[in-house]
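# Coordinate inspection notes
Listed below, chain by chain, are the residues.
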Amino acid sequence: MQGGSPLIHARSLTKRFGDFVAVDGIDFEVHRGETFGFLGPNGAGKSSTMRMIGCVSPISAGTLRILGMDPVTDGPAIRSRLGVVPQEDTLDTELTVWDNLVIYGRYFGLTRAEIRERATELLAFARLEERARDRVDPLSGGMKRRLTIARALINRPELLLLDEPTTGLDPQARHLLWERLYRLKREGVTQVITTHYMDEAEQLCDRLVIMDRARIVAEGSPRQLIERHATRDVVELRFTTHDEQDAAAEALSATAGGAGAEVEPLPDRILLYTGDGDGTVAAVTGNGVQPSSVLVRRSTLEDVFLRLTGRTLEDE
Amino acid sequence: MAATAVLRVVEREARVFRHLWRGSVFSNFLAPVLFLGAMGLGLGGLIDDGAGELPGGLDYLTFVTPGLLAATAMQGAASESLWPVMAGTKWIRTYHGMVATPLSATDVFVGHVVWAGVRAAVAATAFLAVAAALGGVPSAWGVVALPAAVLTATAFAAPLAAFAGTQDTDVSFPVIMRLGVMPLFLFSGTFFPVAQLPGAVQPVAWISPLWHGVELCRAATTGSGMAPIVAAGHVAALGACAAAGCWWGSRTFGRRLTQ
Amino acid sequence: MTAPAGSSVEVPRHRGQALPGVDRRRALRIVERNALAYRRAWVVFLTGFAEPVLYLLSIGIGVGALVGEVVVGDRTTPYEVFVAPGLLAAAAMNGAVFDTTFNFFVKFKYARTYDAVLATPLRVGDVAAGEVIWALGRGAAYAGAFLVAMLAFGLVGSAWAVLALPAAVLIGYAFAGLGLAATTWMRSFVDFDYVMLAIIPMFLFSATFFPLDRYPGVLAGLVAVTPLYQGVALVRALVTGDAGPGLLVHVAYLVALGTAGLWVAVRRLRLLLQP
């Protein structure tokens with residue numbers, strides 16, 4: 001735990017749209033300098049939470065303090081110290097790359113001289129120096145995303161909110177973006193990230209909460225969460241036909257996976273949660289189960305989510 | 001280009017139109033009728049009591065009816081040949097889907113122009129019926145104004161769609177509407193005789209395709225008659241615009257859709 | 001890359017607000033944004049000057065030669081003198097409506113420009129006020145140029161005509177408020193047909209092209225309560241030197257309409273942009 005008062009403090013935070021409860025009384029705190037994540041499937045309430053933190057969506061119940069202020073009365077004052085990267089790029093398509101940075105700085109009331117200096121730095125940060133005079137439309141998805149992040153940094157925010165920062169990007173663009181976000185973290189920018197990619201959460205977050213159906217179901221560092229809610233290893237078994245898989249699942253359940261492993265049948269494979277992957281594989285094959293492929297791997301946040309909710313992150 | 005292929009493009013446009021016709025009722029029918037009421041009846045009342053004399057001693061409603069008929073054909077064709085073409089080539093790229101079938105780029109282009117003519121025919125029929133009911137069409141020759149209006153529409157649809165096929169954004173379209181279509185609407189003998197323009201400007205009106213369309217429509221609806229050679233000249237001018245537009249359009253669409 | 005807390009970022013203030021929820025300086029940032037966007041489309045901006053002048057030449061001078069003189073009330077004026085103020089008022093309406101419906105809708109619904117804007121210290125009220133100020137500034141430029149054209153054609157009969165410029169801005173204000181409010185109910189571009197359905201009849205029948213007394217009594221009364229007629233009557237009285245305290249009724253009507261529209265628009269936009 002870091003010292004000082006938290007940058008974000010939420011208690012029983014709730015968001016309702018009519019009868020629909022998007023966020024159902026969640027508690028969390030974000031401290032200065034950390035990268036904090038909301039991991040969960042689509043529709044878990046992550047974006048609604050982000051919009052409340054961004055002061056563009058009034059809270060329905062509970063308390064929310066951001067930078068020690070109340071979003072209801074101090075929205076503009078809070079937003080002047082935030083950087084927001086929304087889920088879908090909202091770049092100004094009528095303007096050039098450079099003008100996007102300039103006008104965004106003007107929205108924050110920066111002087112033109114400050115903006116010039118800052119925008120030059122940020123273009124380099126986003127690796128877009130060559131495209132400064134171009135329109136935004138023809139840029140690639142990765143470039144637009146980097147420009148959106150650069151734009152969100154124009155006011156030197158204390159707190160950067162990133163909603164699904166790499167959704168829809170190809171692997172190369174993703175890794176470049178992650179590298180940029182590490183840099184920001186080293187420079188001390190507090191970041192709040194939502195994602196439904198467990199690898200992204202593991203890569204970027206110091207601490208995260210797992211959200212499901214409008215609630216927080218677990219909280220901790222990626223390592224803590226795996227230790228607490230999953231086993232060290234996972235064995236994945238695949239079968240040629242459904243009938244074979246069903247028969248194997250029955251056999252394994254009856255023998256408790258052979259070596260004290262937990263059996264989790266999925267539509268396309270069977271997972272075995274175990275402290276000793278290789279031992280479990282030996283026990284399973286010794287038991288007469290004949291999978292078409294066997295994979296032993298370390299547990300991930302995906303497994304944590306599965307064990308907590310019984311569903312995968314990709315499920316709607 | 002094959003006639004059946006072109007008809008398939010027209011069929012596609014007609015199917016889309018089944019869902020969108022309500023909007024076009026306003027711009028292609030109601031708005032021109034409102035103009036006819038304001039100009040022909042309201043302003044016409046002032047003019048018929050007023051100082052000036054229209055050629056042939058026409059009342060103003062009779063004078064302005066063919067002007068608005070031709071101008072409506074132009075405006076409909078122009079707006080349908082700019083943004084919707086951009087949607088087909090760039091925004092929604094429906095044309096790219098069409099040339100992935102046995103249809104050629106020229107089929108797509110000509111289909112568009114034919115469809116513009118069909119819509120102009122429908123709009124002109126409705127407008128003429130209302131104008132006749134108000135007393136703006138004294139002659140039975142007025143039905144001849146229908147093909148004249150359709151020809152006017154194609155004379156604008158073809159070159160403008162060809163041009164739209166060369167553009168990557170729609171920034172130039174409002175400029176075309178304001179500096180091209182709007183001045184033609186106001187100065188091609190629609191609201192007052194071209195003879196009233198200053199002598200030096202009159203030849204400019206003569207190269208306006210709309211002026212040729214207005215002259216043809218006016219000769220028909222007023223039944224004032226027109227020497228066959230003059231009528232042939234107007235038809236030739238409009239036909240030349242349409243033909244040149246089609247030649248250009250088959251090239252611009254070919255370049256955009258099949259490369 | 002980061003600096004200590006809130007280094008140079010301006011601290012939002014609650015003083016100096018023109019309307020509740022509007023900060024004048026922040027609203028001007030929206031004007032700045034639009035000016036930046038129009039730098040690339042200056043031709044479109046310039047052509048806006050041409051349209052009303054072309055109408056003046058065609059209907060005022062061209063058709064005017066057919067009409068000769070018009071009797072309005074107890075005075076007789078050449079038709080072009082009669083129609084020019086009507087065209088000025090109509091141009092002010094058209095410009096404001098286009099900016100606050102079509103242009104606003106694109107940014108609001110498709111480009112999602114305001115989603116980004118609202119992540120900064122700007123608020124919904126600032127956005128609405130900024131867009132209205134922009135529309136009025138643009139309208140003022142066009143109206144000013146049109147007045148100069150009227151002067152050049154010898155169509156201005158009174159020094160009161162100077163006030164036709166603020167009057168045109170006022171017409172723009174009324175229709176900008178109305179347009180912004182109407183846009184909050186629009187679902188797609190198809191709905192713009194309804195906007196045109198309101199605008200074109202007003203353009204044609206609000207005593208723009210022929211005097212109110214050409215209508216039968218009931219119809220004349222109906223026309224007189226339309227916002228454009230109020231604007232046309234105001235501008236026409238000023239340009240012809242027929243000014244009097246009665247004009248304040250038109251002014252009050254237009255101010256009330258614009259303010260009501262803006263009030264509704266801000267309320268609705270808050271619901272739509274910040275659910």
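Each remark here, short or long, concerns the structure printed above.
None of these values were measured; they are calculated from a predicted model. (Residues numbered from 1 in each chain as written. Chains lettered and ligands numbered in written order. Predicted model: local features only at pLDDT ≥ 70, side-chain atom pairs only at ≥ 80, totals over all residues. Heavy atoms only, no water.)

## Regarding the overall build of chain A
When helices and strands are tallied, chain A shows eleven helices and 13 strands. Seen through its principal axes, chain A has C-alpha atoms that stretch 75 × 45 × 40 Å. Considering chain A as a whole, with its 316 residues, one finds that 54% of them fall into the buried category. Chain A carries 39 positive and 48 negative side-chain charges, and their two centres are separated by 8 Å. (Helix = DSSP H or I, 4+ residues; strand = E, 2+ residues; numbered from the N terminus. Buried < 20%, exposed > 50% of the residue type's maximum accessible area, 1.4 Å probe, protein only. Lys, Arg positive; Asp, Glu negative; His and termini not counted. Charge placed at Lys NZ, Arg CZ, Asp CG, Glu CD.)

## Things to note about the interface of chain B and chain C
Contact with chain B, which involves 35 residues of that partner, is made by 31 residues of chain C. When the two sides are added together, the surface that chain B and chain C hide from each other amounts to roughly 2800 Å², 78% of it contributed by carbon and sulfur. Summed over the three residues of chain B that lose the most area to chain C, namely F26, L46 and R178 of chain B, the buried surface amounts to 23% of that side. Scanning the region where chain B abuts chain C turns up two salt bridges. (Contact = heavy atoms within 4.5 Å. Buried area = accessible area lost by both parts, 1.4 Å probe. Salt bridge = Lys/Arg side-chain N within 4 Å of Asp/Glu carboxyl O.)

## Description of the packing of helix α3 (residues 79–110) of chain C against helix α9 (residues 227–240) of chain C
Residue and element names in this part refer to chain C. Axis separation between α3 and α9 bottoms out at 8 Å; the angle between their running directions is 135 degrees. In this view, α3 runs oblique relative to α9, as classed from their interaxial angle. Crossing of α3 over α9 shows right-handed handedness. Where α3 approaches α9, its residues V81, F82, V83, P85, G86, L88, A89, A90 and M93 are matched on the opposing element by L228, G231, V232, V235, R236, V239 and T240. Each residue belonging to the contact of α3 with α9 can be placed in one class, and the counts come to twelve nonpolar, three polar and one charged. (Axes fitted to C-alpha atoms, helices over the stretch in contact; angles between N-to-C directions. Parallel < 35°, antiparallel > 145°, perpendicular 65-115°, else oblique. Left-handed = near helix turned anticlockwise from the far one by under 90°. Nonpolar A, V, L, I, M, F, W, Y, C, P; charged D, E, K, R; others polar.)

## Some details on a negative patch on the surface
Residue and element names in this part refer to chain A. A surface patch of like charges, here negative, comprises D243, E244, D246 and E250. Along the chain, D246 falls in helix α9 (residues 242–254). What makes D246 partly exposed here is its relative accessible area of 47%. (Patch = residues over 30% accessible without salt bridge, like charges linked within 9 Å, V, L, I, M, F, W, Y side chains within 5 Å. Areas by Shrake-Rupley, 256 points an atom, 1.4 Å probe, with all protein chains shown as cover.)

## Details of the sheet that holds strand β7 (residues 190–195) of chain A
Residue and element names in this part refer to chain A. Overall, mixed pairing links the six strands, which are arranged β5-β6-β7-β3-β8-β9 in an open sheet. With partners counted over all chains shown, the strands left at the sheet margins are β5 (82–85) and β9 (215–220), one partner each. The mean angle between the axes of side-by-side strands here comes to 15 degrees, regardless of whether they run parallel or antiparallel. Relative to β7, strand β6 (residues 159–163) is paired through five bridges, and the arrangement is parallel. Looking at the pairing, L162 lines up with I193 of β7. Sheet strands in contact with helix α6 (residues 171–186) are β3 (35–39), β6 and β7, and its direction is about 150 degrees off that of β7. (Pairing = 2+ DSSP bridges.)

## Here's the deal with the sheet that holds strand β1 (residues 8–17) of chain A
Residue and element names in this part refer to chain A. With antiparallel pairing, three strands are arranged side by side in an open sheet as β2-β1-β4. Edge strands, defined here as strands with exactly one partner in the open sheet, are β2 (20–30) and β4 (61–66). The mean angle between the axes of side-by-side strands here comes to 25 degrees, regardless of whether they run parallel or antiparallel. As judged from the eight bridges shared by β1 and β2, these two strands associate in the antiparallel manner.

## Notes on the nonpolar core
Core analysis: the largest hydrophobic core is formed by 235 residues, its most contacted members being F191 of chain B together with F209 of chain C. In terms of residue count, α3 of chain C provides more of this core than any other element does, 16 residues in total. In this structure, L208, I226, V304 and L313 of chain A belong to the second largest nonpolar core, which totals 13 residues. (Core = buried A, V, L, I, M, F, W, Y, C linked by side-chain atoms within 4.5 Å.)

## Let's talk about the interface of chain A and chain C
The partner chain C presents 36 residues to the 44 residues of chain A that form the contact. Both sides of the chain A and chain C interface together cover about 3500 Å² of buried area, and 56% of this is carbon and sulfur. Where chain A touches chain C, the interface holds five salt bridges. For the salt bridge of R112 of chain A with E32 of chain C, the shortest nitrogen-to-oxygen distance reads 2.9 Å. Taken together, the elements giving at least two residues each to the side of chain A that touches chain C come down to β1, α2 (71–79), α3 (97–107) and α4 (112–125) of chain A. Counting residues per element, the side of chain A that touches chain C draws most heavily on α4 of chain A, which supplies six residues.

## Examining a nonpolar patch on the surface
On the surface, a cluster of nonpolar side chains totalling about 380 Å² of accessible area is made up of F98, F102, Y110 and F189 of chain C. The topology assignment puts F102 of chain C in helix α3.

## Some points on the packing of helix α1 (residues 3–49) of chain B against helix α4 (residues 105–134) of chain B
Residue and element names in this part refer to chain B. Contact pair α1 / α4: the axes reach a minimum separation of 8 Å and the direction vectors enclose 35 degrees. At the point where α1 passes α4, the crossing takes the right-handed sense. Its residues placed into classes, the contact of α1 with α4 shows 21 nonpolar, four polar and three charged.

## A few points about the environment of T120 of chain C
On the secondary structure map, T120 of chain C appears in the loop between α4 (113–117) and α5 (124–152). Taking relative accessible area as the criterion, T120 of chain C reaches 0% and is therefore assigned buried. Each residue touching T120 of chain C, except ones within four places of it in the same chain, is listed here: R79, Y104, Y107 and F108 of chain A.

## So, the pattern of salt bridges
All names here are of chain A. Under the definition given, this model contains 43 salt bridges over all chains. A salt bridge links E179 to R180, with the shortest nitrogen-to-oxygen separation between them at 2.8 Å. For E179, a relative accessible area of 30% translates into the label partly exposed. Because the salt bridges share partners, they merge into one network encompassing E236, R238, D268, R269, R297 and D303.

## Section: the pairing of strand β10 (residues 233–238) of chain A
Residues and elements named next belong to chain A. The element β10 is largely enclosed, with a buried count of five among its six residues. Across five bridges, β10 lies against strand β12 (residues 270–274) in antiparallel orientation. Looking at the pairing, V234 lines up with Y273 of β12. Note that β10 and strand β13 (residues 293–298) share six bridges and pair antiparallel. Bridge assignment links R238 to a residue of β13, and that residue is S293.

## Overview of the side chain of D191 of chain C
Mapping D191 of chain C onto the fold places it in the loop between α6 (164–183) and α7 (192–205). Since its relative accessible area comes to 8%, D191 of chain C is described here as buried.

## Observations concerning helix α1 (residues 46–53) of chain A
Residues and elements named next belong to chain A. Within α1, six of the eight residues are buried, leaving the element largely enclosed by the surrounding structure. Within the span of α1, buried status applies to K46, S48, T49, M50, M52 and I53. Remark: C55 follows α1 within two positions and exhibits a positive phi of approximately 60 degrees.

## A closer look at helix α8 (residues 209–222) of chain B
Given 3.6 residues per turn, any residue in an α-helix points the same way as the ones three and four places further on. Residue and element names in this part refer to chain B. Over its 14 residues, α8 extends 20 Å from the first C-alpha to the last, a length consistent with the 20 Å expected when each residue adds 1.5 Å. Most of α8 sits inside the fold, with 13 of its 14 residues counted as buried. At the C-terminal side of α8, G223 shows a positive phi close to 65 degrees. (Expected span 1.5 Å × (residues − 1).)

## A few points about the environment of A44 of chain A
Residue and element names in this part refer to chain A. Following the sequence through the fold, A44 ends up in the loop between β3 and α1. Residue A44 is classed as buried on the basis of its relative accessible area of 1%. Distance from A44 to I216, taken between C-alpha atoms, is 9.2 Å for residues 172 residues apart in sequence. In this structure, A44 is in contact with A22, M211, D212, R213, A214 and R215, ignoring residues within four places of it in sequence.

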